[in-house]
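As a plain string of letters, each chain reads:
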Amino acid sequence: PTNFPTTAPTTNAPSLPPTSTPTTTPTSTPTSTPTTRSPISASPTNLPTPPPTPQPNTTGPTHTPTNDPTSRLVLERMTYCGVPGRCGTGNNALLTSMSELRGVRCCTTNPALAWPDKCTDNRGVYGESNVPRCYMGNTFEEATKICADAVARLCTGDELMHSCTRGTGCYLNKELVWGCNANQDACSTDAECCGGNCSIGICTA
């Protein structure tokens, strides 16, 4: 044995027991590879979505709207025999192109014009062929103007069928003449109306 004992034990005092509560501060350095959960969404694409198309796929609107079927352009009007039954079988009333040349007879309800009253019905309607001269072959538009210049109008189909212009001269008793129904008169077809539009049985502008 040594002559002298050691002055102090070679080991330190025993370590303290663990604390009952964890430390309040985290470690100064994080772990090198922290555990992470997988992302909820897939990873973003490398490029953004393309911009919207510069023009819609549908074609643009038409430049003009479609014609209203109730006001479509009518290029025909009615012609009537100057005296019913004198123009041949089936020719008392005919659908005729407005550009055809036909006779002109006019009607009015104005007694001041001193035109003869020859209607077998529709009394008070006066008809004339000399307005102020004979017109044997004119278009529908020309006939309309001729009667308007005479301060009158084209006779209606009903007036012509009731002989309102018979015997008024110009050798038109056996010829087809222009006729049309004024606005608000009854009608069954567009061609019967001066304005070319028959709506629900009435001529309209």
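Because the structure is predicted, anything quoted here is derived from the model rather than measured.

1. Overview of the nonpolar core
Counting 16 residues, the largest nonpolar core has Val104, Cys106, Trp115, Val131, Phe140 and Leu154 as its most contacted members. Considering every element that reaches this core, the biggest residue donor is helix H1 (residues 140-149), with 4 residues. The residues contacting Phe140, other than those within four sequence positions of it, are Arg77, Met98, Glu100, Leu154, Trp178, Cys180 and Cys194.

2. Side note on H1
Taken together, the buried positions of H1 are occupied by Phe140, Ala143, Ile146 and Cys147. Within H1, the buried residues cover an arc of 120° as seen down the axis, which keeps them to one side. Along H1, exposed side chains directed more than 90 degrees from the buried face belong to Glu141, Lys145 and Asp149. Taken from the residues just after H1, Val151 is the one with a positive phi, measuring 60°.

3. What about the state of the cysteines?
Evaluated as defined, the whole model comprises 8 disulfides. Paired by a disulfide, Cys106 and Cys147 hold their sulfur atoms 2.0 Å apart. When the S-S torsion is -85°, as for the bridge of Cys106 with Cys147, the disulfide is left-handed. Residue Cys106 is located in strand E3 (residues 106-108), and its partner Cys147 is located in helix H1; the two are separated by 41 residues in the primary sequence. As far as the burial class goes, Cys106 and Cys147 line up, both buried. Between Cys180 and Cys194 runs a disulfide, and the two sulfur atoms are separated by 1.9 Å. With the S-S dihedral at roughly 75°, the linkage between Cys180 and Cys194 falls on the right-handed side.

4. Remarks on the sheet that holds strand E1 (residues 76-81)
Strands pair in a sheet through their backbones, by hydrogen bonds, and they do so in one of two ways: parallel or antiparallel. Taking strand neighbours across the sheet as the criterion, the 3 strands line up as E2-E1-E6 in an open arrangement whose pairing is antiparallel. Edge strands, defined here as strands with exactly one partner in the open sheet, are strand E2 (93-97) and strand E6 (176-179). Adjacent strand axes in the sheet meet at a mean angle of 45° when their direction is disregarded. Sheet analysis places E1 next to E6, joined by 4 bridges and oriented antiparallel. Considered in E6, the bridge of Cys81 is made with Leu176.

5. Here's the deal with the side chain of Thr139
In this structure, Thr139 sits in the loop between strand E4 (126-128) and H1. Residue contacts for Thr139: discarding those within four places in its chain leaves Met98, Ser99, Glu100, Leu101 and Trp178.

6. Focus: the confidence of the model for the protein
The share of residues in the protein with pLDDT of 70 or more is 65%, and the mean pLDDT across the chain is 81. In the model, residues 66-71 has pLDDT below 50 throughout and makes 2 contacts with residues more than four positions away in sequence or in other chains.

Conventions used here
- Residues numbered from 1 in each chain as written.
- Predicted model: local features only at pLDDT ≥ 70, side-chain atom pairs only at ≥ 80, totals over all residues.
- Heavy atoms only, no water.
- Core = buried A, V, L, I, M, F, W, Y, C linked by side-chain atoms within 4.5 Å.
- Buried < 20%, exposed > 50% of the residue type's maximum accessible area, 1.4 Å probe, protein only.
- Helix = DSSP H or I, 4+ residues; strand = E, 2+ residues; numbered from the N terminus.
- Contact = heavy atoms within 4.5 Å.
- Arc of directions from axis to C-beta.
- Disulfide = S-S within 2.5 Å.
- Pairing = 2+ DSSP bridges.
- Axes fitted to C-alpha atoms, helices over the stretch in contact; angles between N-to-C directions.
- pLDDT = per-residue confidence, 0-100.

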